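Chain by chain, the residues run as shown.
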Amino acid sequence: MEKNKLQHLNITTDKLFDDIRNIIEQGRRQAYAAAGQAAIMTYWNVGRRIVEEEQQGESRAAYGSKLIPALAYRLSVEYGSGYGKRNLASVSNIQAREWYMKAAAENMWSFKELERNISTQYYERRLAKQLGNRTLPMPQPEHIDPLEYIKNPMVAEFMGFQQDTKFSESELEQALIDNLEKFIMELGRGFAFVERQQHIVTDTTDFYIDLVFYNFKMKRFVIFELKTHKLTHQDIGQLDMYVRMYDDLMKEEEDNPTIGVLLCTDTDDTIAKYSVLHGNEQLFAAKYMAYMPTEEELARVIEQQKRFFLEQHGMEE
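Residues numbered from 1 in each chain as written. Predicted model: local features only at pLDDT ≥ 70, side-chain atom pairs only at ≥ 80, totals over all residues. Heavy atoms only, no water.

(A) Region of the structure containing the nonpolar core. Residues Met159, Phe183, Leu211, Phe224, Val261, Leu263 and Phe284 are the most contacted members of the largest nonpolar core, which totals 35 residues. The set of elements that each furnish at least two residues to this core consists of α7 (127-131), α8 (169-178), α9 (180-187), β3 (206-215), β4 (220-226), β5 (256-264), β6 (283-289) and α12 (295-312). For this core, the leading source of residues is α8, giving four residues. Core analysis: the second largest hydrophobic core is formed by 22 residues, Ile200, Val243, Tyr246 and Ala285 among them. (Core = buried A, V, L, I, M, F, W, Y, C linked by side-chain atoms within 4.5 Å. Buried < 20%, exposed > 50% of the residue type's maximum accessible area, 1.4 Å probe, protein only. Helix = DSSP H or I, 4+ residues; strand = E, 2+ residues; numbered from the N terminus.)

Right, here's the structure in full:
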């Protein structure tokens, strides 16, 4: 009898412990999210106030150039380095600023993550942003546009390679796996890692896909092929075959069509126009940058990749 009572007590205690632990963990997550959102809203309001002050006419241009350094000095003394000159140079584009605020709140970005995403022009690199106001017939299950989840170029300075470093495809793959959390953050919302070198068996041949992810928001597999050279039509043909194979052999009925992304050192407008990439809703090619570019260099590359993307879909700027 005593033994049964003790067992019942242990079971009850375990259940109560688990319930209370879940309550505490949920409370911590909510507190973290609320604190993060409050911090982001604070920075956003600070930035808005600075922009309002700076945009009071051309006659204040000289004044504006001295405003942020002076303001940063005084705020840093009182509130710390988080209000230094670099952090006060807020995003000037209203649409971009609102997008960053919403994305940071939804994804619970830390301030460091938000700062990196702004510095790497995350908003501008999305293919949906490159598309602008043009319309493109893309599958949009539950109003989720795949173009929101593909970025070109992809900034991957976290791999640790120097600008002129030579590396193999296997070393590139290993560097991404070693920094998987940062790679997923660069990919964006809803990505979960599935497998590297995923083995696909057909009746006649074995194939190995470099990296496979699943995006829970798009409800589809996203496969990545990695190349250490400029885009070729052979690369696109291989990716096209893998996507078709994956849809046939791996995709479940409830999954949306697989997307294939080829990461390469550079793209090619001719291939965008004349290969199977042209007009394809499931294939994408993106340039990766294995180092942190300057703001000006990144802006130039974004414009280049914008032209590549529009060429792929037969659209003019």
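(B) The arrangement of the pairing of β6 in detail. For β6, the buried fraction is high: seven of the seven residues fall into the buried class. Judged by which residues are buried, β6 turns out to be covered on both faces: Leu283, Ala285, Lys287 and Met289 on one side and Phe284, Ala286 and Tyr288 on the other are all buried. As paired elements, strand β1 (residues 154-155) and β6 share two bridges and run parallel to each other. By the bridge assignment for β6, Val155 is matched with Met289. Bridge count between β5 and β6: five bridges; the pairing is parallel. Bridging from a neighbouring strand, Leu262 pairs with Ala285 of β6. (Pairing = 2+ DSSP bridges.)

(C) Molecular detail of the environment of Ala290. Tracing the backbone through its elements, the reader meets Ala290 in the loop between β6 and α12. Residue class for Ala290 comes out buried when judged on its relative accessible area of 9%. Taking the C-alpha atoms as reference points, Ala290 and Leu172, separated by 118 residues in sequence, lie 9.3 Å from one another. In contact with Ala290, not counting residues within four places along its chain, are Ala156, Glu157, Met159, Phe161 and Phe167. (Contact = heavy atoms within 4.5 Å.)

(D) Just empty space enclosed by the protein, in detail. Across all of its chains, the model carries four cavities of 30 Å³ or more by this definition. Here the largest cavity is characterised by a volume of approximately 50 Å³. The wall of the largest cavity is formed by Trp99, Ala103, Asn107, Trp109, Tyr122, Arg126, Glu148, Tyr149, Lys151, Leu187, Gly188 and Arg189. Per-element tally for the lining of the largest cavity: the top contributor is helix α4 (residues 94-107), with three residues. When its residues are assigned to classes, the lining of the largest cavity shows six nonpolar, two polar and four charged. (1 Å grid on protein atoms, 1.4 Å probe; cavity = no way out; pocket = protein on both sides within 12 Å on 5 of 7 lines; lining within 4 Å. Points joined across faces, edges and corners; volume = space filled by probe spheres on them. Nonpolar A, V, L, I, M, F, W, Y, C, P; charged D, E, K, R; others polar.)

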